[in-house]
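Single-letter residue listing:
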Amino acid sequence: MSTSDTTPLDLTLDGGALTARLVDFPSVSGDEQALADAVEAALRGYPHLTVDRYGNNVVARTNTGRAERVLLAGHLDTVPIADNLPSYVDGDLLYGCGTSDMKSGVAVQLRLAATVTEPNRDLTFVFYDCEEVEAHRNGLGHLAKERPEWLAADFAVLMEPSGAVVEGGCQGTLRAQIRLTGVRAHAARSWLGDNAIHHAAEVLARLATYEPRRVEIDGLEYREGLNAVRIDGGVAGNVIPDECVVTVNFRYAPDRTEAEAEKHVREVFDGFELTVTDFAPGALPGLSQPAAQAFLAATGGEARAKFGWTDVARFSALGVPAVNYGPGDPNLAHKREEHCSLTAIAQTEERLRAWLTS
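Residues numbered from 1 in each chain as written. Predicted model: local features only at pLDDT ≥ 70, side-chain atom pairs only at ≥ 80, totals over all residues. Heavy atoms only, no water.

Chemist: Any chance you could explain the side chain of Asp101 here in plain terms?
Modeler: Examined against the element boundaries, Asp101 turns out to sit in helix α3 (residues 99-115). The buried charged residue Asp101 lacks any salt bridge, with Lys306 as its nearest oppositely charged partner at 8.9 Å. Reaching out from Asp101, the side chain makes a polar contact with the side chain of His75 at a distance of 3.2 Å. Polar contacts involving the side chain of Asp101 include one to the side chain of His334, which spans 3.0 Å. Once residues lying within four places of it in the same chain are set aside, the contact partners of Asp101 are His75, Asp77, Glu132, Glu160, Pro161, Ala333, His334 and Glu338. (Helix = DSSP H or I, 4+ residues; strand = E, 2+ residues; numbered from the N terminus. Buried < 20%, exposed > 50% of the residue type's maximum accessible area, 1.4 Å probe, protein only. Lys, Arg positive; Asp, Glu negative; His and termini not counted. Salt bridge = Lys/Arg side-chain N within 4 Å of Asp/Glu carboxyl O. Polar contact = N/O pair within 3.5 Å; in protein donor to acceptor, adjacent residues only side chain to side chain. Contact = heavy atoms within 4.5 Å.)

Here is the structure:
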């Protein structure tokens, strides 16, 4: 285990070196306090920033009176370490737990917070805890509930790994259980029972013939999906089961509300007992906003839809349009061989700096 967590953060390091420093600073979800302390201490050394803290969430802001405010957010935690610390460099690649998801993005945030002293827009930098675990522990969610004024902005960038490509908004997600019932009996006398598992055939048939919708929003195509993700049933090898539960997951485009998504799923499975067990709203990309247009121009003009759910949805709920943009590769997140390109880190910082200073 690294012992570098006793060393103060040096925000004058280049982005790659600062990323390595952060990676070697263990901060598995629930154990972010030491890193949050270091981030807070480092940021308080810059007079152009106002720094606040709530729990293990640190927020730094400029207050220059600009007409617009943009917010850059990143989480401090990682998934559990998988024998992938300390970090090491191989050519252009930095390896280690959290390199891609998302300490490279946090390093870019810290570099910008320290060095962009006269931005063209007022800036808010948010560093939060417990993103990789249950939603009720999420630090950004705590800030949205307890300190929403700290998150006020015209546009937000979540530094989640996106391969240094703008990913607009995010899908919503809904999970539901479809409960099928029958009559229990001995398998040797199956005609005396009613097999609940067999009733799942109709549910699966509807899923197999389901045609997911595609919708274009702000020039980005979002693809929906409705799938079975789990089946539970069976009592014993000699018993006709009297219950079977099919769990389905609906990933829906952000133009649907939660109520509309639930209504759609209930219509697909009309006639079945259905209970919604979990949902999270999507987020519109907001690429028509002036700040977003300038951001796209500064980052190369390329954008794609975000497939999956991210914390941009929390900003959307606050009325703040948001995108995902970070140097990490989302396909490498949580892997033992997780790594990030040093070139991508430098490029991301350079592009954001141009957007915030030109």
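Chemist: Would you explain the pattern of salt bridges in this entry?
Modeler: Once their charged atoms are close, side chains differing in charge can pair, the charge on each being opposite to the other. The final tally for this structure, using the stated rule, is 23 salt bridges. A salt bridge links Arg179 to Glu243; its shortest N-O distance comes to 3.1 Å. Of this pair, Arg179 sits in strand β9 (residues 172-181) while Glu243 sits in strand β15 (residues 243-252); the two residues are 64 residues apart in sequence, bridging distant segments of the chain. Relative accessible area serves as the criterion here: at 38%, Glu243 is assigned to the partly exposed category. Across the pair Arg353 and Glu349 runs a salt bridge, and its minimum N-O distance is 2.5 Å. Within this pair, Arg353 and its partner Glu349 are both found in helix α9 (residues 342-357), separated by four residues, close to a single helical turn. Residue classification places Glu349 among the buried positions, given a relative accessible area of 8%. Connected through salt bridges with shared partners, the residues Asp37, Glu40, Arg44 and Arg53 form a single ionic network.

Chemist: Please explain the sheet that holds strand β4 (residues 88-90) as it appears in this structure.
Modeler: Hydrogen bonds between backbone groups are what pair the strands of a sheet, and the pairing can be parallel or antiparallel. If you trace the three strands from one edge of the open sheet to the other, you get β4-β5-β19, paired in antiparallel fashion. What marks the edges here is a single partner per strand, and that holds for β4 and β19 (339-341). Each strand of the sheet is rotated relative to its neighbour by a mean of 25 degrees, with strand direction disregarded. Note that strand β5 (residues 93-95) and β19 share three bridges and pair antiparallel. The residue bridging Tyr95 from the neighbouring strand is His339, located in β19. Its contacts with the sheet put α3 on β5 and β19, and the angle it makes with β19 is roughly 45 degrees. Packed on one face of the sheet, α9 meets β4, β5 and β19 and runs near 55 degrees to β19. (Pairing = 2+ DSSP bridges. Axes fitted to C-alpha atoms, helices over the stretch in contact; angles between N-to-C directions.)

Chemist: When you look at the sheet that holds strand β1 (residues 50-54) in this model, what are you seeing that I'm missing?
Modeler: Taken together, the eight strands give an open sheet; going across it, the order is β1-β2-β6-β3-β7-β18-β8-β17, and neighbouring strands pair in mixed fashion. At either end of the open sheet lies a strand with only one pairing partner, and these are β1 and β17 (303-305). Taken over all neighbouring pairs, the strand axes of this sheet differ in orientation by 25 degrees on average, direction set aside. Pairing of strand β3 (residues 69-75) with strand β6 (residues 122-128) involves seven bridges; the strand directions are parallel. Within β6, the position partnered with His75 by the bridge is Tyr128. Contacting β1, β2 (57-61) and β6, helix α2 (residues 33-43) runs over the sheet at an angle of about 160 degrees to β1. Across the sheet, α3 touches β3 and β6, and the angle it forms with β3 is around 140 degrees.

Chemist: I tried to follow the domain arrangement of the chain on my own but got confused; where do I start?
Modeler: Interface size is often expressed as the accessible area that is lost when the parts come together. When its domains are assigned, the chain resolves into domain 1 (15-170 + 283-357) and domain 2 (172-280). On a C-alpha basis, the centroid separation for the pair domain 1 and domain 2 is 36 Å. Contacts between domain 1 and domain 2 engage 16 residues on the former and twelve residues on the latter. Roughly 960 Å² of surface becomes buried between domain 1 and domain 2 when both sides are summed, with 67% attributable to carbon and sulfur atoms. Linking domain 1 with domain 2 are zero salt bridges, by the criterion used here. Linking domain 1 with domain 2 are three residue pairs in polar contact (both at pLDDT 80 or more). Considering each element in turn, the side of domain 1 that touches domain 2 owes the most residues, three residues, to β17. (Domains from an automatic or database assignment. Buried area = accessible area lost by both parts, 1.4 Å probe.)

Chemist: When you look at helix α7 (residues 290-298) in this model, what are you seeing that I'm missing?
Modeler: Residues spaced three or four apart along an α-helix face the same direction, because each turn holds 3.6 residues. Among the residues of α7, Ala291, Ala292, Phe295 and Leu296 are the ones counted as buried. Each buried residue of α7 lies within a common arc of 135 degrees when the element is viewed along its axis, so the set occupies one face. Of the residues in α7, the exposed ones pointing more than 90 degrees away from the buried face are Pro290 and Ala297. Gly300 occupies a position one or two residues after α7 and carries a positive phi of about 105 degrees. (Arc of directions from axis to C-beta.)

Chemist: For this particular structure, what's the right way to read the pairing of β6?
Modeler: Successive side chains on a regular strand alternate, one facing one side of the sheet and the next facing the other. When you tally the buried positions in β6, you get seven out of seven residues, the bulk of the element. Burial along β6 is two-sided: Asp122, Thr124, Val126 and Tyr128 and Leu123, Phe125 and Phe127, pointing in opposite directions, are all buried.

Chemist: Just checking my understanding: could you explain the nonpolar core for this structure?
Modeler: Soluble globular proteins tend to pack their nonpolar side chains together in the buried interior. With 53 residues, the main nonpolar core has Leu9, Leu43 and Leu110 as its most contacted residues. With eight residues, α3 is the single largest residue contributor to this core. For Leu110, the contacting residues outside a window of four places in its chain are Leu9, Leu11, Leu18, Leu22, Val39, Leu43 and Phe127. Leu174, Ile178, Leu180 and Leu207 belong to the second-largest nonpolar core, a separate cluster that totals 20 residues. (Core = buried A, V, L, I, M, F, W, Y, C linked by side-chain atoms within 4.5 Å.)

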